[in-house]
Amino acid sequence: MDSFQDVTDVLDYPMFVVTTATDGRAAGCLVGFATQISIDPPRFLVGLSEKNHTHRVALEARRLVVHILDADSLALARLFGEATGDDVDKFESCSWSPGPDGVPVLEEAPAWFSGAVRHHNVAGDHTRRF
Ligand SMILES: Cc1cc2nc3c(=O)[nH]c(=O)nc-3n(C[C@H](O)[C@H](O)[C@H](O)COP(=O)(O)O)c2cc1C
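The shown structure was predicted, so the numbers you read here are calculated from the model rather than taken from an experiment. Numbers given to residues run from 1 along each chain, matching the order in which its sequence is written. A pLDDT threshold of at least 70 governs which residues receive local features in this predicted model, and a stricter bar of 80 or more applies before side-chain atom pairs are shown or counted, although totals over entire chains, interfaces and linings include all residues. Excluding hydrogens and water, the side-chain values take into account all heavy atoms of the structure.

**Student:** A description of the pairing of strand β5 (residues 63–68) should follow, citing residues and the corresponding values.
**Tutor:** A 1.4 Å probe rolled over the protein chains alone gives each residue an accessible area, and that area as a share of the maximum for its type sets the label: buried under 20%, exposed over 50%, partly exposed in between. Each helix is a run of H or I in the DSSP string that is no shorter than four residues. Each strand is a run of E no shorter than two, and both are numbered from the N terminus. Most of β5 is tucked away: 5 of the 6 residues are buried. A strand pair is defined by DSSP finding two or more bridges across the two strands. Looking at chain direction, strand β1 (residues 16–22) and β5 are connected through 5 bridges and run antiparallel. Within the sheet, the bridge partner assigned to Thr 20 lies in β5 and is Leu 64. As paired strands, β5 and strand β8 (residues 111–116) are joined by 6 bridges and run antiparallel to one another.

Quick look at the structure:
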């Protein structure tokens, strides 16, 4: 029988860039572990790795912005998925503007929405925010 990892390796998840901000600190990373979990009320779940700079900022933040990527979003995906806010300011390398609660909205993303963080839930090595 295939291992869990063998099976999940072939899944083709949609990709998002999730940004957040608090106390003048902004953060964001590429996220595949994310999905809508309710229609009414609208709820969206984001899985952030405990290793990420974004996770640490999001622990204190009230709001996330979820950017939907498409096939033309490779540069954004690489910037937010390969670099870490521990070492670089990703927001110096892209166009953005302050959105709700000052959370950065990336101008090159084809679509985005913003949501208040209602729950934090630890699951394995990721914390779910929805
Ligand atoms: C294809 C792909 C999918 C990823 N999915 C997630 C994810 O669901 N959750 C997450 O926290 N990190 C995910 N990452 C990793 C982060 O985007 C990456 O480690 C990023 O550099 C972290 O940045 P930060 O330290 O500034 O938060 C993914 C990376 C790639 C390449």
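**Student:** Please set out the side chain of Thr 54 residue by residue, giving values where relevant.
**Tutor:** If you trace the backbone, Thr 54 turns up in helix α2 (residues 53–60). A distance of 3.3 Å separates a polar side-chain atom of Thr 54 from the backbone oxygen of Gly 28. Filtering out sequence-adjacent residues up to four positions away, Thr 54 remains in contact with Val 18, Thr 20, Ala 27, Gly 28, Cys 29 and Leu 48. Here a polar contact is recorded for every N or O atom pair within 3.5 Å, except that within protein the pair must consist of a potential hydrogen donor and a potential acceptor, and residues adjacent in sequence are included only if both atoms are side-chain atoms. Residue contacts are counted whenever heavy atoms from the two residues lie within 4.5 Å of one another.

**Student:** Talk me through unusual backbone geometry; I want residue IDs and the actual numbers.
**Tutor:** Trans is the common state for peptide bonds, and a negative phi is the common state for residues other than glycine. Cis geometry is adopted by the peptide bond preceding Pro 41, which originates at Asp 40 and carries an omega value of 10°. Of note in the backbone geometry, Asp 101 takes a positive phi value of approximately 55° without being a glycine. Secondary-structure assignment places Asp 101 in the loop between β6 (96–98) and β7 (104–106).

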